[in-house]
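Observations on the model geometry
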Amino acid sequence: MAEGRGLGAEEIEFLRTSYREYYYRASASLWIPHHLESREIGFLTFDGYFRRHLRANSPGEFTTSILREVPWGVFYSVSLYEDPENPEMDRKGWMGADIAFDIDVKDLHPQCIDEHDFLICGDGSVHALADGSPGCRRVDWVCPNCVEVGRREVLKLLDVLQRDLGMRPDAISIYFSGHRGFHLHVEDEELLDIGREARAQIVDYLTLSSYNPGLAEGFLRTSGAYLDTLVGWPRRIADALRRRYGISPTLDALAAVTRGNVDAAIEAAASEVRVRVDPQVTMDVSRIFRLPTSLNEKTGMMKLRCDDIVTCDPLSDAVAIGEEPVKVEISYAPKLHLGGYVYGPFKLTTMRLPAFVAAFLISKGVAKVVK
Amino acid sequence: MSGVSFGAEELGDLPFLPEAGDLIMRRGYAMSISELAENWNEPFIRAGIDRARSAVIGGGIDPGALDGMPPEHRILSFVVAALIVRATDNQYAIRRFALAEARYLEDRVMRRIRTNAEDGRLLLTAIYSRVLGMPLVASARRIGGQVFDVRLGLKHYLSLSSSLDASRWGIVTRAVDGGQVYMKLEDASRLLRSGIAGIIENRIMSMKIADLPGPLAEEASGLLKEMARTRPSAPAGNAPIDRSRYPPCVRSLLKRLESGENLPHSARFFLATFMVNAGVPIDDVVAAFSRSPDFNERITRYQVEHIAGIKGGKRYSVPSCSKLEAQGLCARDETCNDIRSPMSYPGRRGIPRPDGGGGGGGGTGIRRRRDRISEDEL
């Protein structure tokens, strides 16, 4: 992993030192999962190895192991197991799992991604995403627009989870992933034991992946007076159609206003309504998930809890590494909004930057430490 | 609802409840298992033997056979049938019996609903609350073009529906609001089946039959023999394909199927399309599903032939890996490399493929056509 990003020994050492400082500073406030002793713990090491099937019997033991190992990434299972250390997944003794959702901004396809993501090829040349050739490495970037697009999707997700599926607001926690996405955890003892098929149904409801226009038509086949009684995604589709066409969207009215093209109109509304979560993350209860308050190896930023998703400012608040200046040689970097300031864009330059910016650029494999 | 108690007539339809046992005691039928054998000529004994046989061999219970019997006799016939099935110590027989009994109850509830909707609703809500421990609440709520009779909490709905065909029972097809799933009485009645079957299965497994009287043991061994004669054999010895060359997703599902697990519809559909497209003979595909507790050979054969294009003229392709991932059926391991379809699994080289079979595909084509396949069997 380190090799893929071209990180040398000096860069690894810089990151490890920065991570160590952070974890010492944050040791008293590290987030500890409830039922810790029943979770599988995983560490991504700075050597690029994933050590899974670890167990911590107490918060003290957990924090101590993080301080001792200084991992590049810290993960925990959303599942609770009788024997979390057992390397055989089907022998761990599954007891239940939190429900986790992952919104990756890349899956939402905002235009900014094409503008700031880029490819670095073997000869060090930089290319736009569309101009790539085999052997080039993609570098994902993050900008305020990425955060806004992700935030909007989180708000959609929250609305469905609370209003339709009746999940308790106090059981839901929202996190910025530390890179370019949001995680949403539902920790409700009542819902711990729902199985994989049930989770798949929840994902299907959110993403409308098995939906078809005929299903929506079944709900819209009513008189205008009853449209207001719709609930769930059919209500959202009706609202979207109402906004789009300025009519009360019964099937008859839709047929008239779309000149018979009802399916396409409903499809467009469904596309607006569906919540784009990563299906695998929610369904696969054997996964391990990034620990809130731990640092993300892709950026050096922390996975940040957003108590208020509307006002949360991750690109400032998730900065966790110090500000002391570090001299780095940067090959290429688009504009970077971090810690309340804007850095770059950079191309073949050497300069001093705050450690948290240096850590971001080094983690992305576009900068080297200059001694 | 906990204050509501079932009347004698209702207990006749709920013979697996402890209260049903109390009723037969009160009516003077308290007897041990050995005493049952001493009363071998009682009509309820004959009814019990028939009940076990028609459930396990035929996959259903003839409602006519029990109509007109007093509730205590219906309960006793269940006890006799359950003892015989328990004595087979055969998981398949027990599951199949439990499922047939659950279907029978569902039919009885549906009859009540058709005769008197309010009466049927009361019975249904009582069964949900008292038997399943799931509050089913009367709602009479209009949502869009429909009026729904009852609502059930999301978690309970998911637990009852997750083994059913998602294209009909998935929550995306339902009116869902505030963590409640709204249903008509008929759907709530159908949804009972998997929950009730589980309860009956547990009830039978908890029966202790240390000293089984001769007649009961004879019935059990007769039932096992009849099962062996009528039930298609599992495909292990018949299939022309080395199963170790199947992808891990298929191997894992076959293992679950053979252990007698009731697989979700999506899993059955995938297994059938895979085997058909891998060139497994129709008979062997049908036989592979024979261990499913709700197996019905006629319906399974029809559906497998439909998938194979023998009926309906359109052959179904195997769902892609991404589709299987979305359905939670992917069991990808390092042997899969980067394949996009289970049909491209490296170990599959050399497996005969019939004309035009295989390939990735999946996607919406399958989804659209899937509604032609009913949810119960395969």
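Above this note sits the structure.
In this text, all values refer to a predicted model and were calculated from it rather than measured experimentally.

A word on the state of the cysteines
All names here are of chain A.
- Enumeration over the complete set of coordinates arrives at two disulfides over all chains.
- In this model, Cys 306 is linked to Cys 312 through a disulfide, with the two sulfur atoms separated by 2.2 Å. Residues Cys 306 and Cys 312 are joined through a disulfide that is left-handed, its torsion about the S-S bond being -45°. Per residue, the accessibility class of Cys 306 equals that of Cys 312, and both read buried.
- Of note for chain A: the bonded cysteines, numbered N- to C-terminal, pair according to 1-2, 3-4.
- Unpaired in terms of disulfides, Cys 146 finds its nearest cysteine sulfur in Cys 112, a separation of 3.7 Å.

So, the interface of chain A and chain B
- Contact with chain A, which involves 31 residues of that partner, is made by 30 residues of chain B.
- Interface area for chain A against chain B, summed over the two sides, is near 2600 Å², with a carbon-plus-sulfur share of 60%.
- Our count for the chain A to chain B interface comes out at nine residue pairs in polar contact (both at pLDDT 80 or more).
- Elements with a contribution of two residues or more to the side of chain A that touches chain B: helix H4 (144-164), helix H5 (196-207), helix H6 (213-220), helix H8 (232-245) and helix H11 (279-283) of chain A.
- Looking at the side of chain A that touches chain B element by element, the count peaks at eight residues for H5(A).
- Looking at the side of chain A that touches chain B, its residues break down into 15 nonpolar, eight polar and eight charged.

Topic: helix H12 (residues 214-230) of chain B
- With 17 residues, H12(B) extends 24 Å from end C-alpha to end C-alpha; this agrees with the ideal 24 Å at 1.5 Å per step.
- Elements in contact with the buried residues of H12(B): helix H3 (33-38), helix H4 (43-56), helix H6 (71-88) and helix H7 (91-115) of chain B.

Structural notes on the pattern of salt bridges
Residues and elements named next belong to chain B.
- In this structure the tally under the stated criterion is 47 salt bridges over all chains.
- Between Glu 19 and Arg 130 there is a salt bridge, with the nearest N and O atoms lying 2.6 Å from each other. With Glu 19 in helix H2 (residues 18-26) and Arg 130 in helix H8 (residues 117-132), the pair connects residues that are 111 residues apart, well separated along the chain.
- A relative accessible area of 22% places Glu 19 in the partly exposed class.
- Measuring nitrogen to oxygen at the nearest pair gives 3.1 Å for the salt bridge that ties Arg 53 to Glu 226. A residue pair is termed long-range when its members are at least 10 positions apart, and Arg 53 in helix H4 and Glu 226 in helix H12 qualify at 173 residues.
- Residue Arg 53 is classed as partly exposed on the basis of its relative accessible area, which comes to 29%.
- Connected through salt bridges with shared partners, the residues Glu 9, Asp 13, Asp 67, Arg 74, Arg 108 and Arg 111 form a single ionic network.

Observations concerning the sheet that holds strand E6 (residues 99-104) of chain A
Residues and elements named next belong to chain A.
- Read from one edge to the other, the open sheet built from four strands follows the order E6-E11-E10-E13, with strand pairing classed as antiparallel. Each edge of the open sheet is held by one strand with a lone partner, namely E6 and strand E13 (304-305).
- As judged from the five bridges shared by strand E10 (residues 172-176) and strand E11 (residues 181-186), these two strands associate in the antiparallel manner. Opposite Ser 173, over in E11, you have His 185 as the bridge partner.

Section: the side chain of Ser173(A)
All names here are of chain A.
- Within the secondary structure layout, Ser 173 lies in strand E10.
- Of note is the side chain of Ser 173, whose polar atom sits 3.4 Å from the side chain of Arg 305.
- Among all residues touching Ser 173, those that are not within four sequence positions of it are His 183, Leu 184, His 185, Glu 187 and Arg 305.

Concerning the packing of aromatic side chains
- If you walk through the whole model with that rule in mind, you get 19 aromatic pairs over all chains.
- Consider the rings of Tyr246(B) and Phe274(B), whose centres lie 5.2 Å apart with planes at 85°: the pair is edge-to-face. Of this pair, Tyr246(B) sits in the loop between H12 and helix H13 (248-258) while Phe274(B) sits in helix H14 (residues 265-277); the two residues are 28 residues apart in sequence, bridging distant segments of the chain.
- Each member of the aromatic cluster is reached from another via a ring pair, and the members are Tyr19(A), Tyr22(A), Tyr23(A), Phe46(A) and Trp72(A).
- Looking at Arg141(B), its charged tip hangs above the ring of Tyr182(B), at a distance of 4.9 Å from the centre.
- Here Arg142(B) stacks its cationic end above the ring of Tyr226(A), 3.6 Å away from the centre of that ring.

Quick notes on the environment of Leu152(B)
All names here are of chain B.
- Residue position: Leu 152 is located in strand E2 (residues 146-153).
- For Leu 152, a relative accessible area of 0% translates into the label buried.
- Along the sequence, Leu 152 and Ser 139 sit 13 residues apart, while their C-alpha atoms lie 9.8 Å from each other.

Details of the nonpolar core
- Ranked by internal contacts, the top residues of the largest apolar core, which has 236 residues, are Trp233(A), Leu361(A) and Tyr128(B).
- Among the elements that make up this core, the one with the highest residue count is H7(B) (13 residues).
- For Trp233(A), the contacting residues outside a window of four places in its chain are Asp164(A), Tyr205(A), Leu208(A), Tyr211(A), Leu215(A), Ala216(A), Phe219(A), Val273(A) and Val172(B).

A short note on the sheet that holds strand E18 (residues 367-369) of chain A
Residues and elements named next belong to chain A.
- Reading across the sheet, the three strands line up as E17-E14-E18 and stay open at both edges, with antiparallel pairing between neighbours. Single-partner strands in this sheet number two, and they are strand E17 (346-354) and E18. The average undirected angle you get between the axes of adjacent strands in this sheet is 25°.
- Note that strand E14 (residues 325-333) and E17 share eight bridges and pair antiparallel. When the sheet's bridge partners are listed, Pro 325 is paired in E17 with Pro 354.
- Against the sheet, helix H13 (residues 355-363) contacts E14, E17 and E18, and its axis sits at roughly 140° relative to E17.

Some points on H8(A)
- For H8(A), with 14 residues, the first-to-last C-alpha span of 20 Å sits near the 20 Å given by 1.5 Å per residue.
- Within H8(A), burial applies to Gly232(A), Trp233(A), Pro234(A), Arg235(A), Arg236(A), Ile237(A), Ala238(A), Ala240(A) and Leu241(A).
- On the buried face of H8(A), the contacting elements are H4, H5, H6, helix H9 (251-257) and helix H10 (262-273) of chain A together with strand E3 (175-177) of chain B.
- In the segment just after H8(A), Gly246(A) is the residue with positive phi, at about 65°.

Considering the pairing of strand E2 (residues 50-54) of chain A
All names here are of chain A.
- Note that strand E1 (residues 41-44) and E2 share three bridges and pair antiparallel. Its bridge partner being in E2, Leu 44 is matched across the sheet by Phe 50.
- The antiparallel hairpin formed by E1 and E2 contains five residues in its connecting segment, where Gly 48 sits at a positive phi of about 90°.

Calculation notes
Residues numbered from 1 in each chain as written. Chains lettered and ligands numbered in written order. Predicted model: local features only at pLDDT ≥ 70, side-chain atom pairs only at ≥ 80, totals over all residues. Heavy atoms only, no water. Disulfide = S-S within 2.5 Å. Buried < 20%, exposed > 50% of the residue type's maximum accessible area, 1.4 Å probe, protein only. Contact = heavy atoms within 4.5 Å. Buried area = accessible area lost by both parts, 1.4 Å probe. Polar contact = N/O pair within 3.5 Å; in protein donor to acceptor, adjacent residues only side chain to side chain. Helix = DSSP H or I, 4+ residues; strand = E, 2+ residues; numbered from the N terminus. Nonpolar A, V, L, I, M, F, W, Y, C, P; charged D, E, K, R; others polar. Expected span 1.5 Å × (residues − 1). Salt bridge = Lys/Arg side-chain N within 4 Å of Asp/Glu carboxyl O. Pairing = 2+ DSSP bridges. Phe/Tyr/Trp six-rings, centres within 6.5 Å; stacked < 30°, edge-to-face > 60°. Lys NZ or Arg CZ within 6 Å of the ring centre and 35° of its normal. Core = buried A, V, L, I, M, F, W, Y, C linked by side-chain atoms within 4.5 Å. Axes fitted to C-alpha atoms, helices over the stretch in contact; angles between N-to-C directions.

The analysis is restricted to geometry; functional conclusions fall outside its scope.
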